[in-house]
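# Tertiary structure, described
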Number of protein chains: 2
Amino acid sequence: MARAAADPEVIRDKLAAIVGDRRVSLADTDLDAYSRDMWPRLLIGLRAGEKPAHRPQVVVWPESAREVAAIIKTANSLGVPVVPYGAGSGVCGGAVPLGGGITVDTKRMDRLVNVRREDMLCHVEAGKNGERFERELFRRGFTFGHFPSSIYCSTVGGWLATRAAGQMSTKYGKVEDRVFGVTFVTGDGEVIKTDGLARAGRGPAWTPLLLGSEGTLGIVTSARLRVAPAPELRVFRGFDMDDVQSGIEAIRRVMQRGLKPAVVRLYDERDTFINSMSILKSEPREASSEDRERFGPVPAPGDGALPEITMSAGAEAPRSTSLVRFAGRLVSNKRSQRAIHNLGREAMAAALARPRLVNAALDKIAGRAFGRGCRMIIGLEGSRIRTEVEARLTFGEIERAGGRDLGEEPGLEWYRHRYAVSYQMSKVFRTGAFVDTMEVASTWERLPALYRAVKAAIARHAFVMAHFSHAYSDGCSIYFTFIGHAPSTRESERLYDAIWRDGLDATTRVGGTISHHHGIGLLKSAYMTAEHREAMTLLFALKASMDPANIMNPGKLGLPFAGARL
Amino acid sequence: MARAAADPEVIRDKLAAIVGDRRVSLADTDLDAYSRDMWPRLLIGLRAGEKPAHRPQVVVWPESAREVAAIIKTANSLGVPVVPYGAGSGVCGGAVPLGGGITVDTKRMDRLVNVRREDMLCHVEAGKNGERFERELFRRGFTFGHFPSSIYCSTVGGWLATRAAGQMSTKYGKVEDRVFGVTFVTGDGEVIKTDGLARAGRGPAWTPLLLGSEGTLGIVTSARLRVAPAPELRVFRGFDMDDVQSGIEAIRRVMQRGLKPAVVRLYDERDTFINSMSILKSEPREASSEDRERFGPVPAPGDGALPEITMSAGAEAPRSTSLVRFAGRLVSNKRSQRAIHNLGREAMAAALARPRLVNAALDKIAGRAFGRGCRMIIGLEGSRIRTEVEARLTFGEIERAGGRDLGEEPGLEWYRHRYAVSYQMSKVFRTGAFVDTMEVASTWERLPALYRAVKAAIARHAFVMAHFSHAYSDGCSIYFTFIGHAPSTRESERLYDAIWRDGLDATTRVGGTISHHHGIGLLKSAYMTAEHREAMTLLFALKASMDPANIMNPGKLGLPFAGARL
C-alpha cells in the first residue's frame, strides 16, 4: 500500500520533468480544492469551517496519455498514490485523496479530436467538459445523448469512470452503452486501447471492465463514443397517475413494448407535491412564446441556426425539480434570506428533528391540496416520423394504465430547469440542514418492495421523497432525495451515515442494486461485498494485476485500505 | 500446466463419487465423439479415416453447478485439464481436448427453470438445446430472439461461451446483449453469480468478462436471459441493389436512423448468383399456401394455436442459403450421386485447383446470366403497428439507396431454409473438397476495404463469396464462404491453414475484427495478440486469477500452451 511517504518537493520536481513547471502545483489553494468532490458528507464539515482531512501532496495537469503514463510510472517508483480528478462533481467521495499523493486533473485533455460521420463515432479526450462536448457535437448535427444534471460541471472521463446516466438515458442508454473503446492507462503505467465493435466474438470484452472502475485500476485518457443524429423533434407530455404503483406499471408496459422515450420521470406523492409547491413559489417565468422558441420542439436541421438545446441557464438562475429546489428557493428569496438565516434555520431544525412527523404531515397536506396522485413526465425525441409514432404509442400505453393527460406544459417546465439541482445544494446547506440523493435500482418485480423499504428506512431519519427514472425492459431506477438535520456537525455526520446505512441495508435486503449511476466512491464502499458477493474476488484479482503496487485511488470501490478512511 | 498425467480409472472413480457411475464414461466411442467439434479442419482428417489427435481421458455429465464445481475441484487436485462441451457445433476447435483430461458435457443441465413475465427474464440452464429453448419460450408467448443456423445442434451455454449471434441479431442483439447474469464456476471451483441490472453503477461489470471466455476461465452453468414478446407480425422483402457498395450504404442508413430490422442480408455478386442457381436447381417446393401457413406472417397471439415458427425442417431436408447449399445439392441429387462421386470429384478438384480462374469465370457467368447486381433480404418482426411503421421506413431508405423491390418471396425463400447450412457441410466434404466460413467485422468506414482485402486474400486459394449481415449503427459483419480443394489430406490442411492465415492477416491489416460470432477456439488463437494488442495482458491476468492451475480448456483463445497444438 502506497502511503505518500515521499517529499512533496521531490514529487513535484519529478512531475515537472514530465509536464513542465507550470502544470504541477503545491499551492495550498490547489491542495484544498482537490481535497474533495461534491460528496454531501464532506460539505457538512466544510460548512463548519473544518480543514479537509485528506489533501493531495501535489496536483498535476497532464495533456496526453503519454504524460499520464509517465506520471503513473513515477508514482510507482516513489510509492505514492494517484487519484484521478475530472470536474469534481462526484457525490460519493470518489476523488478524495485518502492516502495523499498525486491528484491527476484530466481537464487539460479536453479536445474533441474528431467526429467520424460515416461510423457515427467521435473521439474525445477524457477531460472534456460535458456541456461543451454536447454543444460541439450538436453544431455538427449530432448528440451524445448524455445529459446529467451536472453537465456543466462534469467531464467525459468522470462519466466513464462512474458509469454515469443522463436524464435522457432511457432512449440513449447509460454512458457505458455508447462506448466503442477507451484509451486507458493502467496502474503500472501501461497504455491499453479497448476499441472494437462491442459485438466482436474474440474473448472477453475489456471496456465494461474499465468503465466504473473509478480510478482504482487506472485512468481513462480518451474514448471513442457513439453519437446519434441530433433530434429533429422533441415532444413532452405530463400525466397524472392514480398512485406510484400504476405509474410503475405504465412505465413497465412502455419499456416492455420496446418503446424508447428519452425521458421517463414518475414522482411519488411527496415529490409531486413539493414540485407543485416550488412551481407556485417560483418567480414569473419567461413569456411562453419565448420559452417555446428556446426550449420547445426542435426545428428540423436546415430550418435555420441550430437551437442551443443544451443551454438552460439564462438570466435567471436555473431551478431544481425537486425538494432541493423547494428548500433552495426558500433561502434564495432575497426578502426572506435574513429571516430564514435566523428564524428559518430554527424552524427547519425543529421540523427535521421529527422526520416521521414531517413526512406524515406533508403526506396529509399533499393529499388535501391535490388529492392522491403522482405526476409523470414523458419526453421523446429523434427523427420526426419515428418520434411521432413512438409518442402516440407511448402516451396510449400510459393512458391505458390510467394516466390522465396534462398536455406538454409539465414536461416543458421540467425541461427548462433540468440542470438546476446541481446549483441548489449549497443553499440547503446554508440553512444548517444537509441534502443528498440515493439512486438505487432493481428489476420490476422487486421495484415496489425496494421503494417501500428504502423510503421507510430513510423516513426514520429525514424528510424523504422519490422519483422513478432511467427505465429498462427488465427494471428501473429510483432516485430518493432526503433532507436531514442534526444539532451539531458530528451529529449531522452520524445522522447522514445512519441514513445511508439503513437505506443501503434495505436495498441489499430487497435485492436491489446500491448504485444506478452515481458510483461507489467512499460512500458505498462498505456495501460492495453485499452487492457483488463471490464476484468480489474478481475485483481483487483485477486490482492486483492492473495496479500491482496498489497506488490507484486507494480505499475506493470496496477495495482494502489500511489507512484511516475519514 | 495440467497435462493429464492421472490414470483415467482414477479420474473416473473420483468423478463417479460426485455424479454416480452412470454419468461418467471411459468408453472409446465417447472419447472419440468428444475429441472434436465441427471445426472443418478436423473433418479433413476425419474423412481420410484418421484417428483424432486428441481425446479426453474421461467424459462426465454433471446436472448442477454444485457438481460442476466438485468436478473442477477434483481436476485441480489431480492436475488434469477440463474442457466444457455443449452440443459440439463449434467451428473453431474450441472443444478439442488438447491436453486430454476431463470433458464436461453440459447437456444434462437443460431445464428452463422459470420465465419471469413481469421482468421479461428467464432462468435457463447452460446445456439447454437452442431450438427446444426457443420453442418452450414461444409457447409462453416469448422469444429469446437468438436463431443461429446451428439452433438444432447448439446449447445456450455454447452461445454464451462464444458470444454467438443469431440470424435476427440486428433486432434482438447478439447473445451478450440479452444476458442479465450468469452462474459461472471458475477454474478453481468457485461459483460466481453476476446477476444485476447491466446498468448498475457499482464498479466493473463481470458478465461481459465471462462471456466469450470459451471455457478458458470456467464454465457457465446457467443464465438469466432477457426475453422479448413473441412477434405478432413478420414482414420480409427482397431487393436488388446495383452493387455491394450501394447495398452497404443502404444498410448503414437504415441502422443509423435507429431502425431495427431483424434480418439484414446483403449477398455479393457471386453469392447472389449461387443462390439463384441453387434455387433453380432445387426440388419442387411445397405449395405456396402451405408455406404461408407454416412460415408466413405470424398471426397475433390469440388467433389460435401458436405457429411453430422456429421449425423449418419438415419432410424435405432443409436447404442452405449459399454456396454450401449449391455444392451440397449437387451431390445430394440421387441420380447424380454416383456420377459425382467419380466424375464430379475430379471435375471439382480440377476446377478448384485454379481458384482464381473459377472465381473470375463465375463472375463472368453471373454477369451474363443476371447482369450486375446484388440481392438483399430484409426481415422485420415485432408488434404489429411498430413493425408496419418500421418496415415502411426501412424499405423507403433502401429504395432511396437504389434498391429495387422484389416483393416478399426472396425473403420467405430464405426464411424457409435458414437453418439448412449446418446440414450441408458433410456433403461438400464427400466430394473431396472442404468448405468453411470466415466471419469478420469492422466499422462502416473500413467495411469496403475489409471486404476487398479478405476476398482477395482467400480468392488466391479457393472459391469465395460473401454476404453482409448483423448490422449496427457503427459497423457490420461480413460472412465469407469458401470451398477449397487439394490432392491430399495434408495438402488440404495446408491449404486450409493458408486461407485462414491470409484471410485473418488481411483482416488485421485493414483494422477489422477476426471474429464476429464464431469465436476463437484453436483456429484463431494465433491472431488474438494482433487483435487485442496491449489488452492481452488483461486476459493473462484474468486467466492467472480465475484458473490458477491452468487446467481450463488449455491452448485456446490465444493463451499460452506448452503441449502440441494439433
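Residues numbered from 1 in each chain as written. Chains lettered and ligands numbered in written order. Predicted model: local features only at pLDDT ≥ 70, side-chain atom pairs only at ≥ 80, totals over all residues. Heavy atoms only, no water.

All names here are of chain A. In this fold, Thr74 is placed in helix H4 (residues 65–78). Accessibility expressed as a relative area gives 11% for Thr74, which makes it buried. A polar atom in the side chain of Thr74 sits 2.8 Å from the backbone oxygen of Ala70. If we skip the residues at most four places from it in the chain, Thr74 touches Lys14, Leu15 and Ile18. (Helix = DSSP H or I, 4+ residues; strand = E, 2+ residues; numbered from the N terminus. Buried < 20%, exposed > 50% of the residue type's maximum accessible area, 1.4 Å probe, protein only. Polar contact = N/O pair within 3.5 Å; in protein donor to acceptor, adjacent residues only side chain to side chain. Contact = heavy atoms within 4.5 Å.)

All names here are of chain B. In space, the 7 strands of this open sheet follow the order S15-S12-S14-S13-S17-S18-S16, with antiparallel pairing throughout. The sheet is open, and its two edges are formed by strand S15 (404–405) and strand S16 (434–443), each paired on a single side. Bridge count for strand S13 (residues 263–267) against strand S14 (residues 374–382) is 4 bridges, and the pairing is antiparallel. By the bridge assignment for S14, Val263 is matched with Gly379. The strands touched by helix H9 (residues 244–256) within the sheet are strand S12 (233–241), S13, S14 and strand S17 (463–471), with S13 carrying the most contacts at an inclination of about 165 degrees. Lying over the sheet, helix H15 (residues 384–400) contacts S12, S14 and S15, oriented at roughly 160 degrees with respect to S14. (Pairing = 2+ DSSP bridges. Axes fitted to C-alpha atoms, helices over the stretch in contact; angles between N-to-C directions.)

Another point: the sheet that holds strand S9 (residues 191–193) of chain A. Residues and elements named next belong to chain A. The strand order S5-S6-S10-S8-S9 describes an open sheet built from 5 strands, whose pairing is antiparallel. Every other strand in the sheet has two partners, leaving strand S5 (112–116) and S9 as the edge strands with one partner each. For this sheet, the mean inter-axis angle between neighbouring strands, taken without regard to orientation, is 15 degrees. Relative to strand S6 (residues 121–125), S5 runs antiparallel, the two being bridged by 4 bridges. Its bridge partner being in S6, Leu112 is matched across the sheet by Val124. Contacting S5, S6 and strand S10 (218–226), helix H5 (residues 130–139) crosses the sheet at an angle of about 35 degrees to S5.

Attention now moves to the interface of chain B and chain A. Counting from both sides, the interface comprises 73 residues of chain B and, opposite them, 72 residues of chain A. The contact between chain B and chain A buries some 6,200 Å² in all, and 58% of this surface belongs to carbon and sulfur atoms. Note that Arg202(A) and Glu531(B) form a salt bridge whose closest N and O atoms lie 2.8 Å from each other. Linking chain B with chain A are 32 residue pairs in polar contact (both at pLDDT 80 or more), by the criterion used here. When the residues that make up the side of chain B that touches chain A are grouped by side-chain class, the tally is 33 nonpolar, 18 polar and 22 charged. (Buried area = accessible area lost by both parts, 1.4 Å probe. Salt bridge = Lys/Arg side-chain N within 4 Å of Asp/Glu carboxyl O. Nonpolar A, V, L, I, M, F, W, Y, C, P; charged D, E, K, R; others polar.)

What follows is about the packing of aromatic side chains. All names here are of chain A. Applying the stated criterion to the full structure yields 30 aromatic pairs over all chains. Judged by centre distance (6.4 Å) and plane angle (50 degrees), the rings of Tyr496 and Trp500 are tilted. Here Trp500 and Tyr496 lie together in helix H19 (residues 489–510), a separation of 4 residues that amounts to about one turn. Overall, Trp500 belongs to the buried group, its relative accessible area being 4%. Here a set of aromatic residues connected by ring pairs shows up, and it is made of Phe434, Phe482, Tyr496 and Trp500. A cation over an aromatic ring shows up here: Arg418 above the ring of Tyr415, its NZ or CZ 3.8 Å from the ring centre. (Phe/Tyr/Trp six-rings, centres within 6.5 Å; stacked < 30°, edge-to-face > 60°. Lys NZ or Arg CZ within 6 Å of the ring centre and 35° of its normal.)

Expressed as a screw operation, the relation of chain B to chain A combines 0.0 Å of axial shift with a rotation of 180 degrees, fitting to an RMSD of 0.0 Å. Expressed as a symmetry operation, the mapping of one chain copy onto the other fits a two-fold axis. Taken together, the interface assignments show that 99% of the residues at the interface of chain B recur at the interface of chain A, consistent with an identical surface on both copies. (Least-squares fit on C-alpha atoms with pLDDT ≥ 70 in both.)

Side chains that differ in charge, positive against negative, can pair when their charged atoms come close. Going through the model one piece at a time under the given rule, you end up with 74 salt bridges over all chains. Put simply, Glu249(A) and Arg252(A) hold a salt bridge, and the shortest N to O gap is 3.0 Å. Taken as a pair, Glu249(A) and Arg252(A) lie in helix H9 (residues 244–256) at a separation of 3 residues, close to a single helical turn. Assessed through its relative accessible area of 23%, Glu249(A) is described here as partly exposed. Look at Arg252(A) and you get buried, because its relative accessible area is 14%. Two residues, Glu397(B) and Arg257(B), come together in a salt bridge whose shortest N-O distance is 2.9 Å.

Right, let's get into the packing of helix H15 (residues 384–400) of chain A against H15(B). Two elements in contact, H15(A) and H15(B), have axes whose closest approach is 11 Å; the angle formed by their N-to-C orientations is 180 degrees. Overall, the two elements H15(A) and H15(B) adopt an arrangement that is roughly antiparallel. Residue-level contacts link Ile385(A), Arg386(A), Val389(A), Glu390(A), Arg392(A) and Leu393(A) of H15(A) to Ile385(B), Arg386(B), Val389(B), Glu390(B), Arg392(B) and Leu393(B) of H15(B). Taken together, the residues of the contact of H15(A) with H15(B) break down into 6 nonpolar, no polar and 6 charged. (Parallel < 35°, antiparallel > 145°, perpendicular 65-115°, else oblique.)

What follows is about the environment of Ala549(B). All names here are of chain B. Locating Ala549 in the fold gives a position in the segment after helix H21 (536–546). With a relative accessible area of 31%, Ala549 lands in the partly exposed category. Along the sequence, Ala549 and Gly79 sit 470 residues apart, while their C-alpha atoms lie 7.5 Å from each other.

Take the side chain of Ser515(B) next. Of note, Ser515(B) is situated in the loop between helix H19 (489–510) and helix H20 (528–532). For Ser515(B), a relative accessible area of 0% puts it in the buried group. If we skip the residues at most four places from it in the chain, Ser515(B) touches Ala200(A), Gly201(A), Arg202(A), Glu439(B), Ile520(B) and Lys524(B).

Another aspect to go through is the confidence of the model for chain A. Chain-level statistics for chain A give a pLDDT mean of 87 and a share of 85% at 70 or above. In the model output, the complex is listed with pTM 0.89 alongside ipTM 0.88. (pLDDT = per-residue confidence, 0-100.)

The subject of this paragraph is the environment of Arg404(A). Residues and elements named next belong to chain A. Inspection of the secondary structure puts Arg404 in strand S15 (residues 404–405). Sequence separation of Arg404 and Arg117 is 287 residues, and the distance between their C-alpha atoms is 41 Å. With sequence-adjacent residues up to four places away left out, Arg404 is seen in contact with Gly238, Phe239, Asp240, Met241 and Asp242. Engagement of the side chain of Arg404 in a polar contact is seen with the side chain of Asp242, the distance being 3.0 Å.

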